[in-house]
Amino acid sequence: MTGFYAQLQERLGRETVPLIGFLLLVVVGFALATPQFLTAANFSSMAFQLPALGLLTLAMLVPILSGGLNLAITATANISGLTLAWTLIQFGGAEAGFGAFLLGVVLALAAGGAAGCVMGLVVAYIGAHPILVSLAMMIFLRGLGEFLTRGGDISGFPDFMNTIGHGTLAGIPVPLIIFAVAALVWHVMLKRTRHGFSVYMIGSNIQAAEYSGLHSKRTLTLIYTISGMICAIAGILMAARFNSVRVGHGEALLLVTVLACFLGGIDPFGGFGRVLPVVVALVILQVLSSGLNLLGANQHLSTAVWGLFLIAVMALRFVFARLSEIRRRRE
């Protein structure tokens, strides 16, 4: 049994197996607490709610792996969604064709990529701290969005966008498929490409990475550019799901993405972490949110539980690190 557990940890990662065990405990707990939890309607609801948070978490994951942070993910997603909405309005709004939608998607990706690229250039070539740079970009994009929309919503999209936000393919929600594909691409990028290797090297020790011949400045710029583009995909998905765009959409998700990354074993100082445990952590957070909602708990209680969860995770990591250190000394 011990050998099987060790093999499972080796294949899935030492963070993934305990998270899966905890997920099963949470599912069983809510299943016993309310009969509405283990229903198709509840699982369908979770499957449609998870992808937007998941995409924003992927946008946060790689900057953290590099030793940085991107606080502008929701602002970037919203400005990208506004770019798509503005393009559709120019071509008739609800009457716009698929060609106009494709143009809007390209422009939205360009807007998200441009925002990320600017952050990456400032971090890489000026040496400013990622927290300050991304905070400044967040404030700028939020202010720009408020100015363009006067603080209101933009709605009235073509009917075919409902398929992206609410449709299914072979019984699987389209948003979930989009997130699954993005997570797979993220996994391959980090584990199978030179760029992924550079991300881990920079997160571990940027000076050592430069001495070894890696182009750290180019890699940092690319990291934030790709982060901005995945934010744009999240913004497009939110626009399709809500059938509207506004500056404040998804703001509450910012800190949850950080929680999901840390819960999934991403080192807050960079250099270590995998995609799969982060995906499992996202599922845990979604299950907690849905379960508490079915129990009639206030929505703000879910946020409080997530905060306590983050504190508990940090405390447990500290305890396990100390125990491991003591064990190594004894050996």
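Look above for the structure.
### Some words on the overall build of the chain
If you tally the helices and strands in the chain, you get 14 helices and four strands. Taking all 331 residues of the chain together, the buried fraction comes to 47%. Put simply, 77% of the contacts in the chain that link residues at least 6 apart link residues at least 24 apart. Considering the chain, the positive charge centre built from 18 side chains and the negative charge centre built from 11 side chains are found 10 Å apart.

### Section: the nonpolar core
Among the nonpolar cores identified, the biggest contains 91 residues, and Met60, Leu61, Val62, Leu84, Met161, Leu190 and Leu285 are the most heavily contacted of them. In this structure Met161 touches Leu84, Leu88, Phe101, Ala239 and Ala240, once residues within four positions along its chain are discounted.

### Details of unusual backbone geometry
A positive phi angle, near 55 degrees, is found at Ala170, a position not held by glycine. In this structure, Ala170 sits in the loop between β2 (168–169) and β3 (172–173). Positioned with a positive phi, Asn243 is a non-glycine residue whose angle comes to about 55 degrees.

### Re the packing of aromatic side chains
Evaluated as defined, the whole model comprises five aromatic pairs. Among the aromatic residues, ring-to-ring pairing joins Phe30, Phe37 and Phe43 into one connected group. Above the face of the Phe147 ring, Arg150 is positioned so that its terminal group lies 5.1 Å from the ring centre.

### Quick look at the packing of helix α2 (residues 16–33) against helix α13 (residues 275–294)
At a closest axis distance of 9 Å, the pairing of α2 and α13 adopts a crossing angle of 15 degrees. With respect to their mutual orientation, α2 and α13 come out roughly parallel. Handedness of the α2/α13 crossing: left-handed. For the pair formed by α2 and α13, the contact residues are Thr16, Leu19, Ile20, Phe22, Leu23, Val26, Val27 and Phe30 on the first element and Leu276, Pro277, Val280, Val283, Ile284, Val287, Leu288, Gly291 and Leu292 on the second. Here the residues of the contact of α2 with α13 are counted per class, giving 15 nonpolar, two polar and no charged.

### Some remarks on the pattern of salt bridges
Tallying each qualifying case throughout the model produces three salt bridges. The partner of Glu251 in a salt bridge is Arg142, with the nearest N and O atoms 2.0 Å apart. With a gap of 109 residues between them, Glu251 in the loop between β4 (244–245) and α12 (254–263) and Arg142 in helix α6 (residues 130–149) connect regions that are remote in the sequence. Classification of Glu251 by relative accessible area gives partly exposed; the value is 38%. Exposure remark for Arg142: the relative accessible area of 33% places this residue in the partly exposed category. Linking Arg246 and Asp153 is a salt bridge whose minimum nitrogen-to-oxygen distance equals 3.0 Å. In this pair, Arg246 is assigned in the loop between β4 and α12 and Asp153 in the loop between α6 and β1 (154–155), connecting sequence segments 93 residues apart. The exposure class assigned to Asp153 is partly exposed, which follows from its relative accessible area of 48%. One network of salt bridges, with partners in common, ties together Arg142, Glu146 and Glu251.

### Regarding the environment of Asp267
If you trace the backbone, Asp267 turns up in the loop between α12 and α13. In this structure Asp267 comes out as partly exposed when scored by relative accessible area, which is 26%. The residues contacting Asp267, other than those within four sequence positions of it, are Ile64 and Phe272.

### Some words on α13
Over its 20 residues, α13 runs 29 Å from end to end, which matches the ideal 28 Å to within 8%, given 1.5 Å per residue. Among the 20 residues of α13, 15 are classified as buried, and the element is accordingly described as predominantly covered. Taken from the residues just after α13, Gly296 is the one with a positive phi, measuring 85 degrees.

### With respect to the state of the cysteines
Counted according to the given criterion, the structure contains zero disulfides. Counting only cysteine sulfurs, Cys261 is the nearest neighbor of Cys231, a cysteine outside any disulfide, at a range of 12 Å. For Cys231, a relative accessible area of 0% puts it in the buried group.

### Here's the deal with the packing of helix α4 (residues 73–90) against helix α11 (residues 216–242)
The contact between α4 and α11 brings their axes to 7 Å, and the two run at 60 degrees. Regarding the angle of α4 to α11, the classification is oblique. Remark: the crossing between α4 and α11 carries right-handed chirality. Residues Ile73, Thr76, Ala77, Asn78, Ser80, Gly81 and Leu84 of α4 form the contact with α11, whose own contacting residues are Ser227, Gly228, Cys231, Ala232, Gly235, Ile236 and Met238.

What counts and what doesn't
Residues numbered from 1 in each chain as written. Predicted model: local features only at pLDDT ≥ 70, side-chain atom pairs only at ≥ 80, totals over all residues. Heavy atoms only, no water. Helix = DSSP H or I, 4+ residues; strand = E, 2+ residues; numbered from the N terminus. Buried < 20%, exposed > 50% of the residue type's maximum accessible area, 1.4 Å probe, protein only. Contact = heavy atoms within 4.5 Å. Lys, Arg positive; Asp, Glu negative; His and termini not counted. Charge placed at Lys NZ, Arg CZ, Asp CG, Glu CD. Core = buried A, V, L, I, M, F, W, Y, C linked by side-chain atoms within 4.5 Å. Phe/Tyr/Trp six-rings, centres within 6.5 Å; stacked < 30°, edge-to-face > 60°. Lys NZ or Arg CZ within 6 Å of the ring centre and 35° of its normal. Axes fitted to C-alpha atoms, helices over the stretch in contact; angles between N-to-C directions. Parallel < 35°, antiparallel > 145°, perpendicular 65-115°, else oblique. Left-handed = near helix turned anticlockwise from the far one by under 90°. Nonpolar A, V, L, I, M, F, W, Y, C, P; charged D, E, K, R; others polar. Salt bridge = Lys/Arg side-chain N within 4 Å of Asp/Glu carboxyl O. Expected span 1.5 Å × (residues − 1). Disulfide = S-S within 2.5 Å.

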